[in-house]
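The primary structure of each chain is shown beneath.
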Amino acid sequence: MSKQEEIDDDNFSNSSNSSEFSVDLDYNLEGLKKIASNVFGKSCISIEKLGEGGFHKVFILKMEDDNEYIGRIAFPDYPYWKTESEVAVMKYVRERTSIRVPQVYHYESNKENLVGQEYIIMERLPGISLSDVWNNYNINEKKNILLQIINIQCILKNQKFSKIGGIFYDNNIKDFIIGQVTEETFFSEKRSELNIKRGPFNNTYDYIVAAIEKEIIYNKENFNEEEQKKWIPVYEELLSLVPKYFNNNNNNNNVNDIFILTHGDFHYTNILVDGSTNITGIIDWECSGSYPLECFCTFPVWITDNPFEDSDKKKSEENQLLQNFWVEEMKIRDPEFIRIMYDMDDFKSVIYHSAFIIYAETGKILDILENLRKK
């Protein structure tokens, strides 16, 4: 089965195993076609699989008038909350910023529907993924993209909130509210089933403590005795270091207690561009929300070296050049952004990293803790 497969009324199954990486999920595409037809008042004549993300399967819904829309079927990783928050975030961004995101036409945040899973039917934005063309750009074209990225980062940074958590829309008050966090590390690998603190959090201290305590609880409920003896003391020691780097108060004058709109996966795979170097939209807003400014102020990840890949001297040199360009341009647009990024204490940074890594061993938390002990 190819990556893009046309599915018609007589040729699709209720589950997909299109690749070795595909998640087995029961769903009804005939039901999705019927829903799309009702939403737009026109017949949905075909469904074509576009791809599969970390938490969903993506389909192109083609209508009888040749218009195309996106149908996204969610994995049941974090029922209700993830879908509700993603829809609210996109609504917020569309209404209160100039960043282009898909318009949501219809969605259901429960499985009791014709599809059999949570889903969103939304606008199909023009363009292709920046990740597909980035390596084809020359250095000046890459700089042009980065100027647009800086503009998006500055817009997001200006969206401030009073608490840490996911963004939701309250139909009763007709306004946006901050609710429980929707980050992957709070729901992945059965963490959604844990009885833990999920926010919203009034300050960064409580947020970090909750993230670490969550891992202690997760270890107790999912690891064998030997693994618990290895990892629980590590997280407990990490927890004891939090007061050294984070203030336990609600002082909003503290930079780490400024909370701004943060895309949960701001990577070039989720940035769309046209046939040239114009950004046409930002997609995949699940796991986004209001989070500490300190975590936000960093380089675009795709112009940094990947520590899990073999070093490429030429690529590293180009990345350094692009980082220098990005810094100088960001200093002009928002000098506070750069100041916060460079003022971040290295040890505070590793506390963040350790608190939100899903797998302690691959996150090298033992090595990090050893360095923290020497501080």
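In this report, we go over the structure that sits alongside the text. (Residues numbered from 1 in each chain as written. Predicted model: local features only at pLDDT ≥ 70, side-chain atom pairs only at ≥ 80, totals over all residues. Heavy atoms only, no water.)

**Some remarks on the packing of aromatic side chains**
The cut-off we apply is this: Between rings of Phe, Tyr and Trp, where Trp is taken as its six-membered ring, a pair exists when centres lie within 6.5 Å; planes separated by under 30 degrees are stacked, by over 60 edge-to-face, and by other angles tilted. Working definition: helices are DSSP H or I runs of at least four residues, strands are E runs of at least two. Numbering for both runs from the N terminus. Summary of the burial criterion: residues with accessible area below 20% of their type's maximum are buried, those above 50% are exposed, and those between are partly exposed, where the area comes from a 1.4 Å probe applied to protein chains only.
Counted according to the given criterion, the structure contains 24 aromatic pairs. Between Phe40 and Tyr105 the ring centres are 5.3 Å apart and the planes differ by 70°, which places this aromatic pair in the edge-to-face class. Taken as a pair, Phe40 in helix α1 (residues 29–40) and Tyr105 in strand β5 (residues 104–108) lie far apart in primary sequence, 65 residues in all. Measuring from ring centre to ring centre gives 5.8 Å for Tyr268 and Trp302, while their planes differ by 10°; the resulting arrangement is stacked. Here Trp302 lies in the loop between α7 (293–296) and α8 (313–333) and Tyr268 lies in the loop between β11 (259–262) and β12 (271–273), a separation of 34 residues in the sequence. According to the relative accessible area criterion, Tyr268 is buried, its value standing at 18%.

**Some thoughts on the sheet that holds strand β8 (residues 160–161)**
Threshold: Strands were regarded as paired on the criterion that DSSP finds at least two bridges between them.
Spatial ordering of the open sheet is given by β8-β11-β14, a layout of three strands whose pairing is antiparallel. Here the strands that pair on one side only, and so sit at the sheet edges, are β8 and β14 (289–292). Pairing of β11 with β14, which is carried by four bridges, proceeds in the antiparallel orientation. Looking across to β14, one finds that Leu261 is bridged to Ser290.

**Things to note about α1**
Three or four residues apart is the spacing at which side chains of an α-helix point the same way, because the helix has 3.6 residues per turn. Put simply, the test is: A helix's residues, less one, multiplied by 1.5 Å, set its expected span. As used in this structure description, the phrase polar contact means that two N or O atoms lie within 3.5 Å; if the pair is within protein, one of them must be able to donate a hydrogen and the other to accept it, and residues adjacent in sequence are counted only when both atoms belong to side chains.
The terminal C-alpha atoms of α1, which comprises 12 residues, lie 17 Å apart, in line with the 16 Å expected from a rise of 1.5 Å per residue. Among all positions in α1, only Leu29, Gly31, Leu32, Lys33, Ile35, Ala36 and Phe40 are buried. Capping of α1 at its N-terminal end is provided by Asn28; its side-chain oxygen lies 2.9 Å from the backbone amide nitrogen of Glu30. Two residues or fewer after α1 comes Gly41, characterised by a positive phi angle close to 70°.

**Quick look at the environment of Tyr80**
Applicable threshold: Every residue pair with non-hydrogen atoms within 4.5 Å of one another is taken to be in contact.
Considering the arrangement of structural elements, one finds Tyr80 in the loop between β4 (68–74) and α2 (81–96). Each C-alpha atom, one on Tyr80 and one on Leu125, is 25 Å from the other, the two residues being 45 residues apart in sequence. Among all residues touching Tyr80, those that are not within four sequence positions of it are Ser109 and Glu118.

**Considerations on the side chain of Arg191**
Take Arg191: it is sitting in the loop between β10 (175–179) and α5 (204–222). At 2.9 Å, the side chain of Arg191 forms a polar contact with the side chain of Glu215. When residues no more than four places from it in sequence are discounted, the contact partners of Arg191 are Thr185, Phe186, Ile196, Arg198, Lys214, Glu215, Tyr218 and Ile358.

**Let's talk about the pairing of strand β9 (residues 166–170)**
The pairing of β9 with β10 spans five bridges and is antiparallel. Residue pairing across strands places Ile167 opposite Ile178, the latter belonging to β10. Linking β9 to β10, which pair antiparallel, is a turn of four residues; within it Lys174 sits at a positive phi near 55°.

**Let's talk about the sheet that holds β12**
Spatial strand order, β7-β12-β13: three strands in an open sheet with antiparallel pairing. In the strand order of this sheet, the two ends are held by β7 (128–129) and β13 (279–282), each with one partner. Where β7 meets β12, two bridges bridge the pair, whose relative direction is antiparallel. For Ser129, the partnering residue across the bridge sits in β12 and is Leu272.

**Remarks on the environment of Ser290**
The topology assignment puts Ser290 in strand β14. If near-sequence neighbours (up to four positions away) are discounted, Ser290 is found in contact with Phe161, Lys163, Ile164, Gly165, Ile167, Ile178, Phe259 and Ile260. At a separation of 2.6 Å, a polar atom in the side chain of Ser290 contacts the main-chain carbonyl oxygen of Lys163.

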